[in-house]
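The lines below spell out each chain.
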Amino acid sequence: MQVIIVRGKEEMGRRAAALIAEQMRRRPHFVLGLATGSSPLPMYQEWIRMNKAGELDFSTTITFNLDEYVGLPPTHEQSYRHFMNANLFDHVNIAKAATHVPDGMAADPEAFCEAYEAMIDDVGGIDYQVLGIGSNGHIAFNEPGSSLASRTRVVNLTQRTIKDNSRFFARVEDVPTRAISMGIGTILEAERIVMLTYGANKADAVAKALEGPVTATVPGSALQLHPKVTWVIVEDAATKLKLEWRR
Ligand code: GLP
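Now for a look at the structure at hand. Keep in mind it's a predicted model, so treat the numbers as computed, not measured.

## A short note on the overall build of the protein
Along the backbone of the protein there are 7 helices and 10 strands. Compactness check: the protein gives a C-alpha radius of gyration of 17 Å against a globular reference of 18 Å for 247 residues, within 12% of the reference. Taken along its principal axes, the extent of the C-alpha atoms in the protein is 50 × 45 × 35 Å. Evaluated residue by residue, the protein yields a buried proportion of 55% over its 247 residues. The long-range fraction of contacts in the protein, counting pairs at least 24 apart against all pairs at least 6 apart in sequence, stands at 78%.

## Section: the packing of aromatic side chains
In this description, a pair of aromatic rings is defined by centroid distance and the angle of the planes. Applying the stated rule across the entire model yields 8 aromatic pairs. Consider the rings of Phe-64 and Tyr-116, whose centres lie 5.6 Å apart with planes at 80°: the pair is edge-to-face. Of this pair, Phe-64 sits in strand β3 (residues 62–65) while Tyr-116 sits in helix α4 (residues 109–122), and the two are 52 residues apart along the sequence. Note on Phe-64: relative accessible area 0%, which makes it buried. Classification of Tyr-116 as buried rests on a relative accessible area of 1%. The interplanar angle of 45° and the centroid separation of 4.9 Å between the aromatic rings of Tyr-69 and Tyr-80 together place this pair among those described as tilted. Here Tyr-69 is found in strand β4 (residues 67–69), whereas its partner Tyr-80 is found in helix α3 (residues 80–87), with 11 residues between them in sequence.

## Considering the site of the ligand
Looking at the ligand, there are 13 residues lining it, with Ser-38, Ser-39, Asp-67, His-138 and Lys-202 nearest. Here an oxygen atom of the ligand sits 2.7 Å away from a polar atom, N or O, in the side chain of Ser-38. Here an oxygen atom of the ligand sits 3.3 Å away from a polar atom, N or O, in the side chain of Asn-165. When the ligand is considered free in solution it has 390 Å² of accessible area, and contact with the protein chains removes 94% of it. When grouped by side-chain class, the residues that make up the shell around the ligand number 4 nonpolar, 6 polar and 3 charged.

## Some details on the packing of helix α2 (residues 41–52) against α3
Their axes nearest at 10 Å, the elements α2 and α3 cross at an angle of 40°. By the criterion of interaxial angle, the relationship of α2 to α3 is oblique. When α2 is examined against α3, the residues Leu-41, Tyr-44 and Ile-48 are found in contact with a partner set consisting of Phe-83, Met-84 and Asn-87. Per-class residue counts for the contact of α2 with α3 are 5 nonpolar, 1 polar and no charged.

## Some details on unusual backbone geometry
Not every positive phi belongs to a glycine, and His-29 is a case in point at roughly 55°. Summarising the element assignment, His-29 is placed in the loop between α1 (9–24) and β2 (31–34). Assessed through its relative accessible area of 52%, His-29 is described here as exposed. The phi dihedral of Ala-140 is positive, around 50°, even though this residue is not glycine. Considering the arrangement of structural elements, one finds Ala-140 in the loop between β6 (128–131) and β7 (153–156). On the basis of relative accessibility, which here comes to 8%, the residue Ala-140 falls in the buried class.

## Things to note about the side chain of His-138
With respect to the element layout, His-138 can be found in the loop between β6 and β7. Residue classification places His-138 among the buried residues on the basis of a relative accessible area of 11%. A polar side-chain atom of His-138 sits 3.0 Å from a polar atom in the side chain of Glu-143. Non-local contacts of His-138, meaning those with residues more than four positions away in its chain, are made with Gly-132, Ile-133, Glu-143, Thr-161 and Pro-219.

## Remarks on the pairing of β6
With burial as the criterion, each face of β6 is covered, one bearing Tyr-128 and Val-130 and the other bearing Gln-129 and Leu-131. Pairing analysis gives 2 bridges linking β2 to β6, with the strands arranged parallel. Within β6, the residue paired with Leu-32 across the bridge is Tyr-128. Strand direction decides the pairing type here: β6 and strand β9 (residues 192–197), joined by 4 bridges, are parallel. Note that in β9 the partner of Leu-131 across the bridge is Met-195.

Conventions used here
Residues numbered from 1 in each chain as written. Predicted model: local features only at pLDDT ≥ 70, side-chain atom pairs only at ≥ 80, totals over all residues. Heavy atoms only, no water. Helix = DSSP H or I, 4+ residues; strand = E, 2+ residues; numbered from the N terminus. Rg over C-alpha atoms; globule rule 2.2 N^0.38 Å. Buried < 20%, exposed > 50% of the residue type's maximum accessible area, 1.4 Å probe, protein only. Contact = heavy atoms within 4.5 Å. Phe/Tyr/Trp six-rings, centres within 6.5 Å; stacked < 30°, edge-to-face > 60°. Near = heavy atom within 4 Å. Polar contact = N/O pair within 3.5 Å; in protein donor to acceptor, adjacent residues only side chain to side chain. Areas by Shrake-Rupley, 256 points an atom, 1.4 Å probe, with all protein chains shown as cover. Nonpolar A, V, L, I, M, F, W, Y, C, P; charged D, E, K, R; others polar. Axes fitted to C-alpha atoms, helices over the stretch in contact; angles between N-to-C directions. Parallel < 35°, antiparallel > 145°, perpendicular 65-115°, else oblique. Pairing = 2+ DSSP bridges.

Written as C-alpha coordinates, this is what we have:
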(Lines give C-alpha, C1' and ligand atoms only; values in the text may rest on other atoms or scores of the structure.)
Protein backbone atom coordinates (compact mmCIF):
# COMPACT_ATOMS: atom_id res chain seq x y z
CA MET A 1 0.00 0.00 0.00
CA GLN A 2 1.14 3.49 -0.71
CA VAL A 3 0.71 5.92 2.17
CA ILE A 4 1.10 9.66 1.65
CA ILE A 5 1.00 11.76 4.81
CA VAL A 6 0.27 15.44 4.19
CA ARG A 7 0.06 18.62 6.27
CA GLY A 8 -3.52 19.69 5.65
CA LYS A 9 -6.75 18.78 3.88
CA GLU A 10 -6.11 21.13 0.95
CA GLU A 11 -2.89 19.27 0.21
CA MET A 12 -4.76 15.97 0.64
CA GLY A 13 -7.29 17.12 -1.95
CA ARG A 14 -4.65 18.28 -4.42
CA ARG A 15 -2.59 15.08 -4.14
CA ALA A 16 -5.60 12.79 -4.60
CA ALA A 17 -7.06 14.91 -7.40
CA ALA A 18 -3.76 14.72 -9.29
CA LEU A 19 -3.39 10.96 -8.81
CA ILE A 20 -6.81 10.27 -10.31
CA ALA A 21 -6.58 12.95 -13.01
CA GLU A 22 -3.40 11.34 -14.30
CA GLN A 23 -5.30 8.08 -14.89
CA MET A 24 -8.40 9.84 -16.27
CA ARG A 25 -6.36 11.53 -18.99
CA ARG A 26 -5.12 8.15 -20.23
CA ARG A 27 -8.50 6.66 -20.96
CA PRO A 28 -11.79 8.03 -22.35
CA HIS A 29 -15.01 6.77 -20.69
CA PHE A 30 -13.19 6.57 -17.38
CA VAL A 31 -15.31 4.97 -14.65
CA LEU A 32 -15.02 6.73 -11.30
CA GLY A 33 -16.35 5.30 -8.04
CA LEU A 34 -17.27 8.27 -5.85
CA ALA A 35 -17.88 8.85 -2.15
CA THR A 36 -19.71 11.43 -0.08
CA GLY A 37 -18.78 12.80 3.34
CA SER A 38 -16.45 15.65 4.21
CA SER A 39 -13.26 13.73 3.38
CA PRO A 40 -13.47 13.87 -0.45
CA LEU A 41 -14.65 17.51 -0.57
CA PRO A 42 -11.18 19.11 -0.91
CA MET A 43 -10.51 16.77 -3.85
CA TYR A 44 -13.82 17.66 -5.51
CA GLN A 45 -12.97 21.36 -5.12
CA GLU A 46 -9.64 20.77 -6.83
CA TRP A 47 -11.33 18.86 -9.68
CA ILE A 48 -13.74 21.77 -10.13
CA ARG A 49 -10.80 24.17 -10.31
CA MET A 50 -8.98 21.90 -12.78
CA ASN A 51 -12.11 21.53 -14.92
CA LYS A 52 -12.68 25.30 -15.09
CA ALA A 53 -9.01 25.83 -15.92
CA GLY A 54 -9.30 23.35 -18.82
CA GLU A 55 -6.94 20.87 -17.13
CA LEU A 56 -9.43 18.02 -16.63
CA ASP A 57 -12.33 16.93 -18.82
CA PHE A 58 -15.35 15.05 -17.42
CA SER A 59 -17.40 15.00 -20.64
CA THR A 60 -16.97 11.24 -21.17
CA THR A 61 -16.56 10.23 -17.50
CA ILE A 62 -18.98 7.74 -15.94
CA THR A 63 -19.52 7.70 -12.18
CA PHE A 64 -21.01 5.35 -9.60
CA ASN A 65 -21.48 6.45 -6.02
CA LEU A 66 -20.91 4.07 -3.16
CA ASP A 67 -24.08 4.54 -1.20
CA GLU A 68 -27.36 6.33 -0.48
CA TYR A 69 -29.76 6.55 2.45
CA VAL A 70 -32.91 4.46 2.12
CA GLY A 71 -36.00 6.68 2.21
CA LEU A 72 -34.46 9.99 1.11
CA PRO A 73 -35.55 11.27 -2.31
CA PRO A 74 -32.84 12.79 -4.56
CA THR A 75 -34.22 16.24 -3.82
CA HIS A 76 -33.66 15.88 -0.06
CA GLU A 77 -30.80 18.12 1.06
CA GLN A 78 -29.10 15.28 2.90
CA SER A 79 -29.45 12.71 0.14
CA TYR A 80 -26.16 11.66 -1.37
CA ARG A 81 -27.51 12.46 -4.86
CA HIS A 82 -28.09 16.04 -3.74
CA PHE A 83 -24.62 16.13 -2.15
CA MET A 84 -22.94 14.97 -5.37
CA ASN A 85 -24.82 17.44 -7.55
CA ALA A 86 -24.09 20.33 -5.20
CA ASN A 87 -20.45 19.50 -4.54
CA LEU A 88 -19.25 18.21 -7.90
CA PHE A 89 -21.59 17.38 -10.77
CA ASP A 90 -23.22 20.83 -11.06
CA HIS A 91 -19.79 22.46 -11.40
CA VAL A 92 -18.00 20.32 -14.01
CA ASN A 93 -18.77 19.34 -17.61
CA ILE A 94 -20.07 15.88 -16.75
CA ALA A 95 -23.20 14.41 -18.38
CA LYS A 96 -25.69 13.95 -15.52
CA ALA A 97 -27.05 10.82 -17.23
CA ALA A 98 -23.61 9.24 -16.79
CA THR A 99 -23.66 9.80 -13.02
CA HIS A 100 -25.15 7.05 -10.90
CA VAL A 101 -26.11 7.17 -7.23
CA PRO A 102 -28.07 4.29 -5.66
CA ASP A 103 -31.80 4.98 -5.57
CA GLY A 104 -32.85 5.24 -1.93
CA MET A 105 -36.49 5.31 -3.01
CA ALA A 106 -36.37 2.11 -5.13
CA ALA A 107 -39.63 0.18 -4.79
CA ASP A 108 -37.69 -3.09 -4.79
CA PRO A 109 -34.33 -2.28 -3.19
CA GLU A 110 -32.93 -5.82 -3.54
CA ALA A 111 -33.62 -5.85 -7.28
CA PHE A 112 -32.15 -2.36 -7.52
CA CYS A 113 -28.92 -3.51 -5.84
CA GLU A 114 -28.51 -6.33 -8.34
CA ALA A 115 -29.17 -3.98 -11.22
CA TYR A 116 -26.61 -1.49 -9.85
CA GLU A 117 -23.91 -4.17 -9.84
CA ALA A 118 -24.89 -5.16 -13.38
CA MET A 119 -24.57 -1.53 -14.54
CA ILE A 120 -21.05 -1.37 -13.12
CA ASP A 121 -20.15 -4.62 -14.90
CA ASP A 122 -21.66 -3.36 -18.17
CA VAL A 123 -19.22 -0.45 -18.32
CA GLY A 124 -16.28 -2.72 -17.54
CA GLY A 125 -15.94 -2.09 -13.80
CA ILE A 126 -14.65 0.84 -11.77
CA ASP A 127 -11.29 2.28 -12.80
CA TYR A 128 -10.67 4.39 -9.71
CA GLN A 129 -12.61 4.21 -6.45
CA VAL A 130 -12.60 7.11 -3.99
CA LEU A 131 -13.16 6.25 -0.32
CA GLY A 132 -13.40 7.82 3.10
CA ILE A 133 -13.45 5.92 6.38
CA GLY A 134 -15.95 6.18 9.22
CA SER A 135 -14.73 6.68 12.78
CA ASN A 136 -15.74 3.05 13.44
CA GLY A 137 -13.71 1.83 10.45
CA HIS A 138 -16.60 1.56 7.99
CA ILE A 139 -16.13 2.08 4.26
CA ALA A 140 -19.16 3.20 2.24
CA PHE A 141 -21.89 2.00 4.60
CA ASN A 142 -20.24 -1.36 5.28
CA GLU A 143 -20.42 -1.30 9.03
CA PRO A 144 -18.22 -3.47 11.31
CA GLY A 145 -19.14 -7.11 10.81
CA SER A 146 -19.91 -6.72 7.08
CA SER A 147 -18.63 -9.67 5.09
CA LEU A 148 -15.38 -8.94 3.29
CA ALA A 149 -17.07 -10.53 0.25
CA SER A 150 -20.28 -8.46 0.52
CA ARG A 151 -22.00 -7.03 -2.56
CA THR A 152 -24.29 -4.04 -3.07
CA ARG A 153 -27.20 -4.44 -0.66
CA VAL A 154 -29.46 -2.79 1.91
CA VAL A 155 -27.69 -2.34 5.25
CA ASN A 156 -28.61 -1.18 8.75
CA LEU A 157 -26.56 1.72 10.11
CA THR A 158 -24.92 1.45 13.52
CA GLN A 159 -25.80 3.88 16.32
CA ARG A 160 -22.32 5.38 16.05
CA THR A 161 -22.73 6.16 12.36
CA ILE A 162 -26.21 7.57 12.95
CA LYS A 163 -24.76 9.79 15.68
CA ASP A 164 -21.75 10.84 13.53
CA ASN A 165 -24.03 11.71 10.62
CA SER A 166 -26.66 13.46 12.76
CA ARG A 167 -24.57 16.65 12.51
CA PHE A 168 -26.13 17.17 9.09
CA PHE A 169 -29.74 16.67 10.22
CA ALA A 170 -31.95 18.79 12.48
CA ARG A 171 -32.54 15.91 14.90
CA VAL A 172 -30.86 12.53 15.36
CA GLU A 173 -34.30 10.93 14.78
CA ASP A 174 -34.24 12.34 11.25
CA VAL A 175 -31.17 10.30 10.23
CA PRO A 176 -32.23 7.30 8.14
CA THR A 177 -31.40 3.96 9.78
CA ARG A 178 -30.86 2.05 6.54
CA ALA A 179 -28.85 2.60 3.38
CA ILE A 180 -28.00 0.99 0.07
CA SER A 181 -24.26 0.38 -0.04
CA MET A 182 -21.80 -1.17 -2.42
CA GLY A 183 -20.26 -4.16 -0.67
CA ILE A 184 -16.66 -4.64 0.37
CA GLY A 185 -16.33 -7.28 -2.35
CA THR A 186 -17.67 -4.78 -4.90
CA ILE A 187 -15.22 -2.09 -3.76
CA LEU A 188 -12.23 -4.45 -3.92
CA GLU A 189 -12.95 -5.10 -7.62
CA ALA A 190 -12.04 -1.51 -8.54
CA GLU A 191 -8.76 -1.32 -10.43
CA ARG A 192 -7.35 1.40 -8.18
CA ILE A 193 -8.47 2.88 -4.86
CA VAL A 194 -7.66 6.13 -3.09
CA MET A 195 -8.60 6.57 0.57
CA LEU A 196 -8.82 10.14 1.90
CA THR A 197 -8.72 10.86 5.63
CA TYR A 198 -8.27 13.78 7.95
CA GLY A 199 -9.11 14.62 11.55
CA ALA A 200 -8.05 13.31 14.95
CA ASN A 201 -11.35 11.42 15.27
CA LYS A 202 -10.16 9.13 12.45
CA ALA A 203 -6.74 8.28 13.94
CA ASP A 204 -7.90 5.01 15.56
CA ALA A 205 -9.75 3.81 12.48
CA VAL A 206 -6.78 4.66 10.23
CA ALA A 207 -4.31 2.78 12.46
CA LYS A 208 -6.54 -0.28 12.73
CA ALA A 209 -7.31 -0.38 9.02
CA LEU A 210 -3.68 0.09 7.92
CA GLU A 211 -1.74 -1.76 10.60
CA GLY A 212 -4.21 -4.10 12.27
CA PRO A 213 -5.29 -7.54 11.10
CA VAL A 214 -7.62 -7.86 8.11
CA THR A 215 -10.97 -8.32 9.78
CA ALA A 216 -14.64 -7.74 9.08
CA THR A 217 -14.69 -5.90 12.43
CA VAL A 218 -12.73 -3.09 10.72
CA PRO A 219 -14.08 -2.91 7.16
CA GLY A 220 -11.31 -0.49 6.08
CA SER A 221 -8.73 -3.21 6.80
CA ALA A 222 -10.03 -5.05 3.72
CA LEU A 223 -8.02 -2.58 1.62
CA GLN A 224 -4.91 -4.51 2.66
CA LEU A 225 -6.13 -7.20 0.24
CA HIS A 226 -6.06 -4.81 -2.74
CA PRO A 227 -2.90 -4.36 -4.84
CA LYS A 228 -3.31 -0.71 -5.82
CA VAL A 229 -4.45 1.38 -2.87
CA THR A 230 -3.15 4.83 -1.97
CA TRP A 231 -3.98 6.33 1.41
CA VAL A 232 -3.70 10.13 1.50
CA ILE A 233 -3.76 10.99 5.21
CA VAL A 234 -3.56 14.37 6.89
CA GLU A 235 -1.11 14.17 9.78
CA ASP A 236 -3.80 14.66 12.44
CA ALA A 237 -5.33 11.35 11.36
CA ALA A 238 -1.94 9.61 11.18
CA THR A 239 -0.86 10.06 14.81
CA LYS A 240 -1.54 6.45 15.82
CA LEU A 241 0.40 4.80 13.01
CA LYS A 242 3.45 2.87 14.22
CA LEU A 243 5.07 1.54 11.04
CA GLU A 244 7.56 3.64 9.08
CA TRP A 245 5.27 4.94 6.36
CA ARG A 246 7.19 8.20 6.02
CA ARG A 247 10.20 7.41 3.89
C1 GLP B 1 -20.51 8.26 5.71
C2 GLP B 1 -20.35 7.66 4.32
C3 GLP B 1 -18.97 7.10 4.11
C4 GLP B 1 -17.95 8.12 4.57
C5 GLP B 1 -18.07 8.34 6.04
C6 GLP B 1 -17.06 9.33 6.61
O7 GLP B 1 -21.05 7.38 6.64
N8 GLP B 1 -21.30 6.64 4.02
O9 GLP B 1 -18.80 6.76 2.74
O10 GLP B 1 -16.65 7.67 4.25
O11 GLP B 1 -19.37 8.82 6.31
O12 GLP B 1 -17.52 10.62 6.39
P13 GLP B 1 -16.64 11.91 6.60
O14 GLP B 1 -15.71 11.94 5.43
O15 GLP B 1 -17.60 13.04 6.59
O16 GLP B 1 -15.93 11.76 7.88
